[in-house]
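# Structural overview for review
Here is how the chains run, residue by residue.
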Amino acid sequence: MNSNQRERVIDVTDLRRVYGGGFEAVRGITFSVDRGEVFALLGTNGAGKTSTVELIEGLAPPAGGRVRVLGRDPYTERAAVRPRIGVMLQEGGFPSELTVTETARMWAGCTTGARPVGEALDLVGLTRRRGVRVKQLSGGEKRRLDLALALLGRPEVLFLDEPTTGLDAEGRQDTWRLVRELRGAGTTVLLTTHYLQEAEGLADRLAILHEGRVAVSGTPAEVTATQPSRVSFDLPQGYFLGDLPPLADLGVTAHETAGRTVLLRTNDLQRTATAVLLWAERTRVELRALDVRSASLEEAFLHIAKAAAPTAAATDPEDGAAERRTEAAA
């Protein structure tokens with residue numbers, strides 16, 4: 001499917017959300033998500049992630065702007081949108097005395113066109129725990145149950161809010177595999193996560209929020225490309241930074257030194273690395289501790305996070321976001 005044929009499933013334009021007291025948590029966000037795409041929404045605490053997702057899920061009306069899910073307003077047309085989406089909250093809040101199966105059956109009874117309960121539990125690896133009470137589940141198993149319930153209605157659009165929090169490495173990998181399978185089957189996924197590796201490995205595109213605005217967006221590769229790559233090495237004894245060719249000629253945009261260690265930052269990694277290696281060959285020296293690497297999503301994220309106001313998280317009402325309301329299932 002080419003770019004002209006893509007179906008826009010989530011469409012957010014100049015979205016705004018204002019809490020009591022006039023605090024503007026979402027300040028004009030614009031992005032879109034196509035069918036069968038995994039889109040990650042990242043940001044530090046208080047950046048506006050949860051406030052944005054709640055508007056897209058239809059839990060509250062926006063103070064300004066426009067949001068459409070499957071071509072409809074998720075708040076005013078909730079009855080039409082809700083059966084076609086699945087929502088995995090940060091915390092489900094299920095009755096602790098019910099078993100896993102009883103909980104899933106209860107949820108299925110409120111879900112249009114629910115898949116068989118056993119099938120949903122099998123998808124998330126909870127079949128062997130089906131008779132266990134919710135209060136006896138581990139934190140990771142509760143997250144698996146959250147995901148199973150979000151998948152009961154065979155959703156066209158799936159919202160995953162911190163889906164792998166509390167999971168061990170195996171559980172995280174299983175969830176990633178399932179998300180990829182869902183994407184392959186055409187499900188659209190909007191994901192929030194604090195695990196940057198998760199976003200980098202799963203997302204087709206992503207946006208990093210900062211103070212209620214989109215600071216940067218694009219594919220993971222495009223976002224990481226906003227930060228310089230790096231070449232570091234230890235200078236041999238008897239050599240100094242000035243013995244290198246002019247750094248500007250190497251494509252270096254910034255440099256740091258610590259003792260004999262040199263760190264070069266560059267927006268043209270191949271050019272810089274090649275020039276450094278050719279210099280070492282000409283001068284017949286060995287560059288110990290040589291490390292050549294592209295920028296990472298983590299570096300891009302931290303660059304934005306460092307610009308965050310220190311009081312932002314303390315003033316944002318979404319900071320208690322684990323309380324996400326069970327009205328998401330209504």
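Given the structure is predicted, the values throughout are model-derived calculations rather than measurements.

By the element assignment, threonine 164 lies in the loop between β6 (157-161) and α6 (169-184). On the basis of relative accessibility, which here comes to 1%, the residue threonine 164 falls in the buried class. Setting aside its immediate chain neighbours within four residues, threonine 164 contacts Arg172, Thr175, Trp176, Tyr195 and Glu198.

Interaxial distance between helix α5 (residues 139-151) and α6 falls to 12 Å at its minimum, and their mutual angle equals 10°. Judged by the inter-axis angle, α5 sits roughly parallel to α6. For the element pair α5 and α6, the recorded crossing hand is left-handed. In contact with Arg144, Leu147 and Leu151 of α5, α6 contributes Gly171, Asp174, Thr175, Leu178 and Leu182. Here the contact of α5 with α6 is composed, by residue class, of four nonpolar, two polar and two charged.

Our focus in this paragraph is the sheet that holds strand β11 (residues 252-258). Sheet architecture is open: four strands sit in the order β11-β12-β10-β13, paired in antiparallel fashion. For this open sheet the edge positions go to β11 and β13 (288-293), each flanked by a neighbour on one side alone. Averaged over all pairs of adjacent strands, the angle between their axes in this sheet comes to 15°, without regard to strand direction. As paired elements, strand β10 (residues 229-234) and β13 share four bridges and run antiparallel to each other.

Thresholds applied
- Residues numbered from 1 in each chain as written.
- Predicted model: local features only at pLDDT ≥ 70, side-chain atom pairs only at ≥ 80, totals over all residues.
- Heavy atoms only, no water.
- Helix = DSSP H or I, 4+ residues; strand = E, 2+ residues; numbered from the N terminus.
- Buried < 20%, exposed > 50% of the residue type's maximum accessible area, 1.4 Å probe, protein only.
- Contact = heavy atoms within 4.5 Å.
- Axes fitted to C-alpha atoms, helices over the stretch in contact; angles between N-to-C directions.
- Parallel < 35°, antiparallel > 145°, perpendicular 65-115°, else oblique.
- Left-handed = near helix turned anticlockwise from the far one by under 90°.
- Nonpolar A, V, L, I, M, F, W, Y, C, P; charged D, E, K, R; others polar.
- Pairing = 2+ DSSP bridges.

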